[in-house]
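Observations on the model geometry
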Amino acid sequence: MAAIPGLGGGVPQDINITGRLGVNFRCSDEMRASAFLLTSLGVLGISANILLMVTICFRRSFKSWSYGLLFHQGLVDLARSAILIPLGQSIYACRPMTKCSLIETTFLLLVTVSTVNLLSVVLNAAPIIPEEDDEDLSNLMKDNPQCMAFGLFMIWFASVTVNLGPTFLSGALAANADTVMEEPSCPLVQGPYRHYVLNAIWIFINSLSIMLTMYHLHKLYKDSTRTSMESMRINRLYSANGGPDSQDLIVVSPSKGLHVERQMMQIEEEGINQVKMFVIITLAYLIFWGPLFVVTLANISTDWKDVKSSVAHEVSLHVSFVHAIINPLLFLLLHKDLRDSFVHMVCCQMDSYQGDLVSVSFV
């Protein structure tokens, strides 16, 4: 990964350091700014995702197994951010990175897993219409470990198959196994271990997942708004006298009809709020990853060594790194239950700290 031109201060000074393989690595003061940026993005991404996972664990009781998917989302984004730290340290120390092909492949796989996981969370957010005997709506949405385990297995199975299958079948890794890097760190997305077709397939897979996410968000919105029509229909059918002169209608009390109506209105409100949250998160994905996808597809005949010095590629790549920071923060800010849990967690810590101060003052 090259340094972004213009980040370093002062006049760049090239430093030649001979690596373990006898290769002279070219380092400059300008690269130190890039190393600091990569390390900072990695630390911030790890911190934000740890905060998301701690908030989920603090909640303890889950309404839905989608909380497990959100925890998994934070874990994947944390691993994505953690990859940036050794890359930054490699640039700062001007030392070579081993297994660049493994690092690049792992990073791209984690991006695909994160995208497919977002699609799975949206698919799992479909509203559930309560039955007549279900008094509590939350009983319908309890956590199911079996479903969560199967969902996570399918996410990783699909991501590994569609991401690594073309990579190994094309022989790109074996064809460039002897490539020697002349700079520290490792190039990502457009490097010596990938070619244009592999990048196009990777972008197509992630773009398809996002398009399916938007399609199901549209269906989720229609399903959520349909509950208000159902409640109106119930009010017309259910009355104290059994409704119209039809023997097929069930006679229920007005309080029962109002209870069902409140449940359906609750489902509608929660569904619309979920759609708004996922729309913002999906738009954030497009904002942070869209430029890199466009730049990668545009560089159809550009050699990877020329791409390393491309401002458009390096800037769009670093912008995509920020997504691992923004994504968990959006979940904490927009998800009502997570937001309430985070506020409750912070308040509990502050109350505990104030209690310790009071006890110490009395002593």
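Scroll up to find the structure this text is about.
My aim in this report is to walk through the structure given alongside it, one point at a time. (Residues numbered from 1 in each chain as written. Predicted model: local features only at pLDDT ≥ 70, side-chain atom pairs only at ≥ 80, totals over all residues. Heavy atoms only, no water.)

Moving on to the pattern of salt bridges. It is possible for side chains bearing opposite charge to pair when their charged atoms get close. This model, assessed by the stated rule, comprises two salt bridges. Salt-bridge contacts for Asp 340 lead to Lys 336; the nearest nitrogen and oxygen are separated by 3.2 Å. Of this pair, Asp 340 and Lys 336 are both found in helix 11 (residues 336–362), four residues apart, which corresponds to roughly one turn of the helix. Judged by its relative accessible area of 51%, Lys 336 falls in the exposed class. (Salt bridge = Lys/Arg side-chain N within 4 Å of Asp/Glu carboxyl O. Helix = DSSP H or I, 4+ residues; strand = E, 2+ residues; numbered from the N terminus. Buried < 20%, exposed > 50% of the residue type's maximum accessible area, 1.4 Å probe, protein only.)

Our focus in this paragraph is helix 2 (residues 66–82). Compared with the 24 Å implied by 1.5 Å per residue over 17 residues, the 24 Å span of helix 2 between its first and last C-alpha is a close match. Counting buried residues in helix 2 gives 13 out of 17 residues, a clear majority hidden from the surface. (Expected span 1.5 Å × (residues − 1).)

Okay, the packing of helix 2 against helix 3 (residues 84–93) next. Helix 3 packs onto helix 2 with a crossing angle of 5° between their chain directions and a minimal axis gap of 4 Å. One element, helix 2, and the other, helix 3, form an angle in the roughly parallel class. Facing helix 2, whose interface residues are Arg 80, Ser 81 and Ala 82, helix 3 presents Leu 84, Ile 85 and Pro 86. (Axes fitted to C-alpha atoms, helices over the stretch in contact; angles between N-to-C directions. Parallel < 35°, antiparallel > 145°, perpendicular 65-115°, else oblique. Contact = heavy atoms within 4.5 Å.)

We now examine the packing of aromatic side chains. Two numbers describe a pair of aromatic rings. These are the distance of the centres and the angle of the planes. Tallied over the entire structure, the rule returns seven aromatic pairs. A centroid spacing of 6.4 Å and a plane angle of 40° characterise the contact between Phe 107 and Trp 289, whose relative ring orientation is tilted. Of this pair, Phe 107 sits in helix 4 (residues 100–123) while Trp 289 sits in helix 8 (residues 254–298); the two residues are 182 residues apart in sequence, bridging distant segments of the chain. Take Phe 107 and Trp 289: they sit in the same class, and that class is buried. (Phe/Tyr/Trp six-rings, centres within 6.5 Å; stacked < 30°, edge-to-face > 60°.)

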